[in-house]
Amino acid sequence: MVRVRFAPSPTGFLHLGSARTAIFNWLYARHAGGKFLLRIEDTDLKRSESRFLEEILEDLKWLGLDWDEEPLFQSRRFDVYREKAEALVAAGKAYKDGGAVFFNVEPGRTIAYEDLIHGRISVETETIKDQVMIKSDGSPTYNFSCVVDDTHLGITHILRGDDHISNTPKQIIFYEAFGLEPPRFGHMPLILGTDGAKLSKRHGGVSVEEYKREGFLPEALANYLVLLGWMPKDGREVMTPEEAVPLFEISEMNDVQAKFDIQKLRWLNAEYIMKAPNTRLIPLVKSQMLAAGLAATGVPDNYLSKVLDLYKIRTKTLSEFPAMTDCFFREDFVYEAEGKMHLEKPESREYLRLLADRLAGLTDFSHAAIEAVFREFAEERGIKAGPVIHPARMAVSGKTKGAGLFEMMEVLGRERVVARMRRAVNG
Ligand code: GLU
C-alpha cells in the first residue's frame, strides 16, 4: 500500500513550496488509495514553536487536505534515534567523536537511484563526507532522523522539493547500512518568480498565510499550486485538488522549474469567487471590510449578498472588495480624481439635478425602471446615454468604473441615490 508523508519543520509559516509538496503527497496517496501521513520535524528545539505548528496544520486543513493517523513528532523520539545510531556503532559502521555520532562513508562507490520526476540520479561517495547522525547536543540530524522515521512509518514514496536532492544519496547510504530497501524518491523542481529569481515577497508573498489574508480562496491557491507541478493530459486548468485526484499521474509531473505567476493565480481566484455561494463569501468579505476599516458589523447579510451579486464577477481577490464597494457602506466616499470632470461640466450638473427629481418620484426603484428614466431623459434631450450615465455613476459611487449603474442604484435605494446626486450638484 502506498504510504507517503509531509514532514514540515515548525520553525516558520507554511511556505508555498511546502504547501505544494503537501498537496502532491496528498494527491498521490488519495489517487493510489494509500495513506497520507504527517511528521513534525521539530528536532530543532530552539527554533520550533507550537504557534507555527498550529498555523501549518490550520493552513493544510484550509487548503482542503486531510491526513491519516496521528502526526509523528520527532522531538519525542530522540532515544530511538540514539538507539539506532548505537546499533550502527556496534556494527562497526559508525563511530563516536566529541559527543557526536558519525557514519563512516565508504569512498569509491556510486550511489544511484531512479528519481520519479528526474530519472536516474547518481553521486560518487567520494563527494560525501562522513555523516553526522547524532549531534553533540544529542539531537539527530535531519538525514538520519528522516531515514529512521520513514522506515518506522513504512513510507513507500517520498515526494519533496529539489532542495533535498543532495540529501537523498546520504539517506540511501543509511538505508543500506540498516539493510533496508529505500523508498522511491521524487524531487519537485523549485518554484521561482516569473523573473526567474527565488520566490519572495515582491512576487506576491511566500507563505500560505499571506494569500489567505489577501482574500484568495483556498481552492484557488491549491488549484494553482497543483498547476505548478503537473497538468492533466486534457489541459484542463480549473480543478480543485479533490477533482485532480482521479486524473493525477506522478509520471506526468514537471521536471523543470515552475514559475509563479500571480496574475494566473488571480485569474483562478476570480473563477472560484464567481462560483462561490454568497453565504460562504459573506464572512470572508466582512473580515476584509474590517481589515480595511469599513464598518461591517451592522450590515445585514442580505444587503451584503446583493452587493456581492454585483461585484463577485469583478473581484480577483476578496481584499479588493472593500475599496471597490465602499460606496455601499459609507456616505463619505471620495470622488476619484479622474472622474471629477464628469461632475464639473455645467450640462452634467443640470442633468443630475433633473434626473434626481425624476428618480425621487419613482415608486418602483428597480434597475429596469431606473434605466427607463435615464433612456427617456436622454431621448428627450437628443443626447447619448454616456453624458448622463458618467456623472450619475460618479455621483452615486465616486468611481468611473464598477457594476452596472442601474443595478447599483437599485441596491443603494432611492433615498441614497437621490441624495447623492443632489449632493454632487450642490457640493
Ligand atoms: N522538514 C523537511 C523540510 O521541511 C522535510 C524534508 C523531507 O520531506 O524529507 O524540507
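Quick note: structure is the one above.
(A) Fine view of the packing of helix H1 (residues 16-32) against helix H7 (residues 218-227). Remark: H1 packs on H7, axes separated minimally by 9 Å, with the N-to-C direction vectors making an angle of 80°. Taken together, the axes of H1 and H7 are roughly perpendicular relative to one another. Judged by residue contacts, Leu16, Ala19, Arg20, Ile23, Phe24 and Leu27 of H1 engage Leu221, Ala222, Leu225 and Val226 from H7. Classifying every residue of the contact of H1 with H7 gives nine nonpolar, no polar and one charged.

(B) Looking closely at the site of the ligand. Surveying the vicinity of the ligand reveals the residues Arg5, Ala7, Ser9, Glu41, Tyr142, Cys146, Arg160 and His164. Between the ligand and the protein, one listed contact pairs a nitrogen atom with a backbone N or O atom of Ala7 at 2.8 Å. Here Tyr142 contributes a side-chain N or O atom positioned 2.6 Å from an oxygen atom of the ligand. When grouped by side-chain class, the residues that make up the shell around the ligand number three nonpolar, two polar and three charged.

(C) Expanded view of the sheet that holds strand E4 (residues 94-97). The strand order E4-E5-E8 describes an open sheet built from three strands, whose pairing is antiparallel. Of all the strands in the sheet, the pair left with one neighbour each is E4 and strand E8 (131-134). With direction set aside, neighbouring strand axes in the sheet form an average angle of 40°. Note: strand E5 (residues 100-103) against E8, three bridges, orientation antiparallel.

(D) Quick look at the pattern of salt bridges. Summed over all chains, the structure comprises 31 salt bridges. Residues Arg213 and Glu209 are paired through a salt bridge, measuring 3.5 Å at the closest nitrogen-oxygen approach. In this pair, Arg213 and Glu209 both sit in helix H6 (residues 208-213), four residues apart, roughly one turn of the helix. One salt bridge connects Arg330 with Asp332, and the closest N-O pair in it is separated by 3.0 Å. Its relative accessible area of 56% is what places Asp332 among the exposed residues. Through salt bridges with shared partners, one network takes in Arg5, Arg39, Glu41 and Asp150.

What counts and what doesn't
- Residues numbered from 1 in each chain as written.
- Predicted model: local features only at pLDDT ≥ 70, side-chain atom pairs only at ≥ 80, totals over all residues.
- Heavy atoms only, no water.
- Axes fitted to C-alpha atoms, helices over the stretch in contact; angles between N-to-C directions.
- Helix = DSSP H or I, 4+ residues; strand = E, 2+ residues; numbered from the N terminus.
- Parallel < 35°, antiparallel > 145°, perpendicular 65-115°, else oblique.
- Contact = heavy atoms within 4.5 Å.
- Nonpolar A, V, L, I, M, F, W, Y, C, P; charged D, E, K, R; others polar.
- Near = heavy atom within 4 Å.
- Polar contact = N/O pair within 3.5 Å; in protein donor to acceptor, adjacent residues only side chain to side chain.
- Pairing = 2+ DSSP bridges.
- Salt bridge = Lys/Arg side-chain N within 4 Å of Asp/Glu carboxyl O.
- Buried < 20%, exposed > 50% of the residue type's maximum accessible area, 1.4 Å probe, protein only.

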